[in-house]
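Given next are the chains, with one letter for each unit.
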Amino acid sequence: MDLLSMLLSLVGVAIFIAVIALIIVAMSTKPYPDLGRYDSEKYFLNEKQEKCLFPSINDPASIELSVIVPAYNEEERLPMMMDEALEYLEERKKKLKSFTYEVIVVDDGSKDKTTQTAQSYCNKYGSDKIRVLTLAKNRGKGGAIRLGMFSARGRYLLFADADGASKFSDFTKLENEMKNMKKDSSNRAVVCGSRAHLEEESIAQRSFFRTILMKGFHFVVWFLCVRGIKDTQCGFKLLSREAAVLLFSNLHVERWAFDVDMLFLAQYFNIPVGEVAINWTEIEGSKMVPVFSWIQMGKDIILIRLRYFLGAWKITEKSKLE
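Cut-off values and rules
- Residues numbered from 1 in each chain as written.
- Predicted model: local features only at pLDDT ≥ 70, side-chain atom pairs only at ≥ 80, totals over all residues.
- Heavy atoms only, no water.
- Disulfide = S-S within 2.5 Å.
- Buried < 20%, exposed > 50% of the residue type's maximum accessible area, 1.4 Å probe, protein only.
- Phe/Tyr/Trp six-rings, centres within 6.5 Å; stacked < 30°, edge-to-face > 60°.
- Lys NZ or Arg CZ within 6 Å of the ring centre and 35° of its normal.
- Core = buried A, V, L, I, M, F, W, Y, C linked by side-chain atoms within 4.5 Å.
- Helix = DSSP H or I, 4+ residues; strand = E, 2+ residues; numbered from the N terminus.
- Contact = heavy atoms within 4.5 Å.

## Looking at the state of the cysteines
Consideration 1: Under the defined criterion, the tally for this structure stands at zero disulfides.
Consideration 2: Looking at Cys-122, it has no disulfide partner, and the nearest cysteine sulfur is the one in Cys-52, 8.7 Å off.
Consideration 3: Among the cysteines around Cys-192, which has no disulfide bond, Cys-234 carries the closest sulfur, lying 8.4 Å off.
Consideration 4: On the accessibility criterion, Cys-192 (0% relative accessible area) is buried.

Right under this line is the structure:
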């Protein structure tokens, strides 16, 4: 067998394996995301320890801002974030009586006392301001935020990490950008907090290998899914209620790469997306293992693009939960 025949044979085998792999991906993929929840996840405890039903995102907004805080084993780091957020929110309410807010802490199946820690804030501030959604099992950060969004009352919905890495008062920057943006005809818009301006400093502190992985991850995101956004992964994003219900009704990824899925969907629906530089500090105790997490997210991003391209994942214009 000559060299050309061998090469053709190898190409044929590679194509066959690729086709089989695509068929397996398509057939093993659920076309629509699971939007259900366990009965226990439909309720929260008020300050009197009474069981109360969460509202639905399909209901009209009844307050100005909902803050969604996904938390997994965060009993130690959560208080710092909550204290900072509530100091800002309470101070703003004193200055502007019409301002109303809620903080929904979503315990994503924690093994520690995250729920009890969050509930102590409900007992102090009242359940009109603080609510705790305890998930029956771990769903991942995206899944936790989705259920928090679906339980929110706000006109605007902000999700913020439980570690307090983002300076909460920078919400004002996102809010101003949101109000100044030209929204689509359905009042949909998204504003992303961004750490891109800090990248040069962070590169100086990373090893060459980790820098290459980070750059590679950003390239894969840009090439396959999301363009025009410098920092897709910052856990500080603001959505209009109308954008939240549409995007999280279609969100398929529930773990670390969910931000990319959400922004891919936003660009698919031509929803305006803004980006604002925020203050951010590295906090010890991160759940991410840098090298492994970037490789995992890179794989997820390739699968995101592949599944949408194949039509294995469906996108619906419906923005109401069934």
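And the narrative resumes.
## Description of the packing of aromatic side chains
Consideration 1: As enumerated under the stated definition, the model contains 12 aromatic pairs in all.
Consideration 2: Of the aromatic side chains, those joined through ring pairs into one cluster are Tyr-88, Phe-168, Phe-171 and Phe-236.
Consideration 3: Residue placement shows Arg-195 over the ring face of Trp-280; its charged tip is 5.2 Å from the ring centre.
Consideration 4: Above the ring of Trp-222, the side-chain terminus of Arg-227 is found at 4.1 Å from the ring centroid.

## Notes on the nonpolar core
One broad rule of soluble globular proteins: the nonpolar side chains tend to lie buried together.
Consideration 1: With 47 residues, the main nonpolar core has Met-149, Phe-159, Val-190, Leu-239, Leu-247, Phe-248 and Met-262 as its most contacted residues.
Consideration 2: Examining the composition of this core, we find that seven residues originate from one element, helix 9 (residues 258–268), more than from any other.
Consideration 3: Beyond its immediate stretch of four places on either side in the chain, Phe-248 contacts Leu-35, Gly-142, Ile-145, Arg-146, Met-149, Phe-150, Phe-159, Leu-239 and Met-262.

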